[in-house]
Amino acid sequence: RKEVEQDPGPFNVPEGATVAFNCTYSNSASQSFFWYRQDCRKEPKLLMSVYSSGNEDGRFTAQLNRASQYISLLIRDSKLSDSATYLCVVNSNYQLIWGAGTKLIIKP
Amino acid sequence: GAGVSQSPSNKVTEKGKDVELRCDPISGHTALYWYRQSLGQGLEFLIYFQGNSAPDKSGLPSDRFSAERTGGSVSTLTIQRTQQEDSAVYLCASSLRGGNTEAFFGQGTRLTVV
């Protein structure tokens, strides 16, 4: 089993819809969690950190479920510009472990 | 301030030649990562440096690959006797304190072995 697992997608979603991704992790001792966004042929960029209490940044909401060992990302009112690959990142043994990413395609 | 800088941005080399890829991390960041990414694929971990600790080399695919980090700052990834399957984007990232803090990426070096 991989340390961090994501549904690779692609998720094809109409503009304006709400979409949610989950990411599961195997190390119960993990303390830090992040979501990154990667556009085609670009480097990954931090989208948001994920806090125990959950956090929101505009249309984006991230949540952590320690009991079930997953984190989630919710995107409301999706825009064409949200089309990208979303990477889940979890710390494990002092390193960052990356999921393979979920591809999101927003259609007009 | 300056972000993570990688050079060269593009490198075309002949099969069998050696290449060196350079990464300048953000000043003060103690952790540095190297990853490889082929088109349409996820990040493949190569090596991790944290402060003065011995690096985690568990992701290096063969003994043709090696990396150094001098003075806790600049890092060089060396690929000896390049093969066509080494063609990929090589990404470097740094973080302030390792796995508990977010990583910032350079723009990568696109390596093409012909």
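Provided above is the structure to which this section pertains.
Residues numbered from 1 in each chain as written. Chains lettered and ligands numbered in written order. Predicted model: local features only at pLDDT ≥ 70, side-chain atom pairs only at ≥ 80, totals over all residues. Heavy atoms only, no water.

Caption draft 1: Representation of the sheet that holds strand S1 (residues 4-6) of chain A within the structure. Residues and elements named next belong to chain A. Taken in spatial order, the five strands make up an open sheet running S1-S3-S8-S7-S6, and their pairing is antiparallel. Looking at which strands have only one partner, the edges of the open sheet turn out to be S1 and strand S6 (55-57). Ignoring strand direction, the axes of neighbouring strands in this sheet form an average angle of 20 degrees. Of the strand pairs in this sheet, S1 and strand S3 (residues 19-25) are connected by three bridges, and their pairing is antiparallel. (Pairing = 2+ DSSP bridges. Helix = DSSP H or I, 4+ residues; strand = E, 2+ residues; numbered from the N terminus. Axes fitted to C-alpha atoms, helices over the stretch in contact; angles between N-to-C directions.)

Caption draft 2: Geometry of the sheet that holds strand S1 (residues 5-7) of chain B. Residues and elements named next belong to chain B. Taken in spatial order, the four strands make up an open sheet running S1-S3-S7-S6, and their pairing is antiparallel. Pairing within the sheet leaves two strands with one partner each, and these edge strands are S1 and strand S6 (65-69). In this sheet, adjacent strand axes meet at a mean angle of 15 degrees when their direction is disregarded. Examined bridge by bridge, S6 and strand S7 (residues 75-79) share five bridges and lie antiparallel to one another. Directly across from Phe65, in S7, lies its bridge partner Ile79.

Caption draft 3: Region of interest: the pairing of strand S9 (residues 84-92) of chain A. Residue and element names in this part refer to chain A. With nine of nine residues buried, S9 is to be regarded as a mostly interior element. Note that strand S4 (residues 33-38) and S9 share six bridges and pair antiparallel. Note on S9: the bridge partner recorded for Arg37 is Tyr86. Bridge analysis of S9 against strand S11 (residues 102-107) gives three bridges, and the strand direction is antiparallel. Looking at the pairing, Tyr86 lines up with Thr102 of S11. Note: S9 against strand S10 (residues 95-98), four bridges, orientation antiparallel. Bridge pairing links Val89 to Trp98 in S10. The turn linking S9 back onto S10 is made up of two residues, and Asn93 within it adopts a positive phi angle of 55 degrees. (Buried < 20%, exposed > 50% of the residue type's maximum accessible area, 1.4 Å probe, protein only.)

Caption draft 4: Layout of the state of the cysteines. Counting across every chain of the model gives two disulfides over all chains. Between the sulfur atoms of A:Cys23 and its disulfide mate A:Cys88 the distance is 1.9 Å. Taking the torsion about the S-S bond as the criterion, the A:Cys23 to A:Cys88 disulfide, at about -70 degrees, is left-handed. Of this pair, A:Cys23 sits in strand S3 while A:Cys88 sits in strand S9, and the two are 65 residues apart along the sequence. For A:Cys23, a relative accessible area of 0% translates into the label buried. Owing to a relative accessible area of 0%, A:Cys88 belongs among the buried residues under this scheme. With its sulfur 1.8 Å from that of its partner, B:Cys23 forms a disulfide with B:Cys92. Of note, the bridge from B:Cys23 to B:Cys92 carries an S-S torsion of about -65 degrees and is left-handed in sense. With B:Cys23 in strand S3 (residues 19-24) and B:Cys92 in strand S8 (residues 88-95), this residue pair connects regions lying 69 residues apart in the sequence. Of the two residues, B:Cys23 and B:Cys92, neither departs from the other in class, the shared state being buried. (Disulfide = S-S within 2.5 Å.)

Caption draft 5: Summary view of the packing of aromatic side chains. Per the counting criterion, the structure on display carries 11 aromatic pairs over all chains. A centroid spacing of 5.3 Å and a plane angle of 85 degrees characterise the contact between A:Phe11 and A:Phe21, whose relative ring orientation is edge-to-face. In this pair, A:Phe11 is assigned in strand S2 (residues 11-14) and A:Phe21 in strand S3, connecting sequence segments 10 residues apart. By relative accessible area, which is 23% here, A:Phe11 ends up partly exposed. For A:Phe21, a relative accessible area of 1% translates into the label buried. Look at A:Trp98 and B:Phe105: their rings are 5.3 Å apart centre to centre, the planes differ by 75 degrees, and that puts the pair in the edge-to-face class. Of this pair, A:Trp98 sits in strand S10 while B:Phe105 sits in strand S9 (residues 103-105), placing the two residues on different chains. (Phe/Tyr/Trp six-rings, centres within 6.5 Å; stacked < 30°, edge-to-face > 60°.)

Caption draft 6: Structural view of the layout of surface pockets. Of the volumes computed, that of the largest pocket is approximately 810 Å³. In this structure, the largest pocket is lined by 34 residues; those nearest its centre are A:Gln38, A:Asp39, A:Cys40, A:Arg41 and B:Gln37. Of all the secondary-structure elements, those providing two or more residues to the lining of the largest pocket are S9 and S11 of chain A together with S8 and strand S10 (109-113) of chain B. Per element, the largest residue contribution to the lining of the largest pocket is four residues, and it comes from S10(B). Among the residues forming the lining of the largest pocket, the class breakdown is 11 nonpolar, 17 polar and six charged. (1 Å grid on protein atoms, 1.4 Å probe; cavity = no way out; pocket = protein on both sides within 12 Å on 5 of 7 lines; lining within 4 Å. Points joined across faces, edges and corners; volume = space filled by probe spheres on them. Nonpolar A, V, L, I, M, F, W, Y, C, P; charged D, E, K, R; others polar.)

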